Amino acid sequence: MDALLSGQLLVAALVTGALYALTALGLNLVYGTMRLLNVAHGDLVMIGAYVAFWAFTLLALSPLLGLVAAAALAALFGLALYHGLFRRLLAGGKAAQRLEANSLLLFFGVSVIVQNLMALQFTATPRGYQYLDTVYRWGNAAITGNRVAAFAVAVILCGGVLAFLRFHVTGLAIKALIQRRDAAAIVGVNVERVQQLALCLGFASAAVAGALVSMTEQISPFMGFPFTIAAFVVIILGGLGNITGGIAAGLLLGVLETYGVALTSSAYRSILVYGVFVLILLLRPQGLLGGRRIVR
Amino acid sequence: MAGDYHVGVGLSLLMYVALTQSWTVLSGMTGYVSLGHVVFYGLGAYVAVLLWGEAPLAAIVPLAALAAFAFAALIGLPALRVRGPYFVILTFGLAELAKYVVIVVEGWLGKFSRVIFGAPDIETLYYIMFGLAAAATLMTFLVRRSRFGRGLLALRENEEAAETVGVPTVRFKLLAYALSALVPGAVGSVMVLRQTYFEPAQIFDPVVSFTIVTMAVVGGSEDMKGPLLGAAGFVLLSELLWANAPQLYMVLLGLLLIVFVLFAPQGLSGLLPARRKTP
């Protein structure tokens, strides 16, 4: 019981939650603006992690700088996918539901390709490096420097994106597109450009989350999958397309997972995450925080 | 009979024919795409492992099928209320959840993998699998021609409209889901006896679900031919590549999926010159 009340678990929960919030933010932007279900989202986390890893081991570049490269690369990949695959699909004028199902199959294909190309290139062996691993203590909580850094960067970026969406005119255009796509076009939003921007921003934030994850965990070509699932749990919990709700839900999932595992054992981690995922979809697909009824 | 290698390839071909044909009864006919069909396969395998030595083979295979049927009927009612892409990710989540539950249950029982002693020889299993593939193909054929099948197609196009003209959509969807689970349950029981060991993470492999969907998309799920073409093409490809370059095989799988979704949504079967339909 003492362990549950200590600061240690709370710190762990907050770090995990902040990373989930940042990852899910990107998924939410892509889904919200274009109704594309990106099941390859976790693979962008993986790509970001590899970029930071190679920048650190080959160029001795701090992952906190490497994450800029990761973000740029992921944004370029997003642009390439947009022009190669999705512009045709989005312009097709088919029913929205068909678009979502097709985008899911396409991203599934992308995910399988990316994972296996990475495994071919870099082998499936997990890799890791040591950075900022001195331990800091506050009261009874101990935390490594890299976790503090990951938490800080994730919080700053989530805050930055929220502020951008609230105060910048382009950010407002993204929000307009999320709320009413057709109406946004009528009031003069350049739908095409804003979509591309949202996709780049979404991909980049996942890659940054990956660079942060690489500081604290081992990385492998198949590490992305749990992040895809976590990101879907988070955006469904928070309400699809609801950016602020998603950030709150990310922290909530971090707390649920950390305390759930502490109360039971790590064997139950996957059951817990998938259990929440299935229950939310079955019972409250519009999300805990309300919002539009999209599913039924 | 031919060498064991050829029997092995034939077995995996028949397995995917049976699985993909069954899948189209739900996903081809109703548009509810299941990305978690491995859950029925895995459940059938688990039933077979638990019953092996307690019951004869002739009872195990039908019991595995029934278990999968019952499980689908049970979870179908809540699951089928969720539509479109949410149903897709839900089925995927359910299959993964089932996998981790079985892993934990096996942990409680103190078994982390089980070896099956005295499994039937491969030829017996081959003939059973042949029967299952034929049964699944016959089932899609019959469903497609029946009043039930027409109802499913109607609800795929527009569920509310189908309901309005008197299609009992809830009952039909549920029956299609349960029917599509029947043969995969039996297939799972045969395949675990072929492998002679049971390890949950390897039996409930999401790659199986993914392969089924890819075969159906590439082959086409609008008629009986599609799954046959898809299964034959990919089993051949996998024999050429799997042993030497499994990752290359997966990359090709992904590429073909993308190409067919974008450019040929009707699949290979839709690209073939259509026979004139008699009115």
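Scroll up to find the structure.
Topic: the overall build of chain B
Move 1: Looking only at helices and strands, chain B has 13 helices and 2 strands in total.
Move 2: Its C-alpha atoms give chain B a radius of gyration of 18 Å, within 12% of the compact-globule value 19 Å for 279 residues.
Move 3: Counting only C-alpha atoms, chain B reaches 55 × 40 × 30 Å along its principal axes.
Move 4: Every one of the 279 residues in chain B was classed for burial, and the buried ones make up 51%.

Observations regarding helix α6 (residues 147–157) of chain B
Residue and element names in this part refer to chain B.
Move 1: Among the residues making up α6, those that are buried are Gly151, Leu152 and Leu155. Down the axis, α6 shows its buried residues gathered within 100 degrees of arc, on one side only.
Move 2: Contacts from the buried residues of α6 go to α1 (4–30), α7 (159–164) and α8 (169–195).

A look at the pairing of strand β1 (residues 135–138) of chain A
All names here are of chain A.
Move 1: Alignment of β1 against strand β2 (residues 141–144), held across 4 bridges, turns out to be antiparallel. Bridge assignment links Val135 to a residue of β2, and that residue is Thr144.
Move 2: Counted along the chain from β1 to the antiparallel partner β2, the turn is 2 residues long, and its residue Gly139 has a positive phi close to 60 degrees.

Some points on the interface of chain A and chain B
Move 1: Taken residue by residue, the interface counts 33 residues in chain A and 31 residues in chain B.
Move 2: Every element with two or more residues in the side of chain A that touches chain B is listed here: α4 (63–91), α5 (96–122) and α12 (269–283) of chain A.
Move 3: Residue contributions to the side of chain A that touches chain B peak at 16 residues, all from α5 of chain A.
Move 4: Residues of the side of chain A that touches chain B, tallied by class, amount to 24 nonpolar, 6 polar and 3 charged.

Conventions adopted
- Residues numbered from 1 in each chain as written.
- Chains lettered and ligands numbered in written order.
- Predicted model: local features only at pLDDT ≥ 70, side-chain atom pairs only at ≥ 80, totals over all residues.
- Helix = DSSP H or I, 4+ residues; strand = E, 2+ residues; numbered from the N terminus.
- Rg over C-alpha atoms; globule rule 2.2 N^0.38 Å.
- Buried ≥ 20, exposed ≤ 12 C-beta atoms within 10 Å, placed from the backbone.
- Arc of directions from axis to C-beta.
- Contact = placed C-beta atoms within 7 Å.
- Pairing = 2+ DSSP bridges.
- Nonpolar A, V, L, I, M, F, W, Y, C, P; charged D, E, K, R; others polar.

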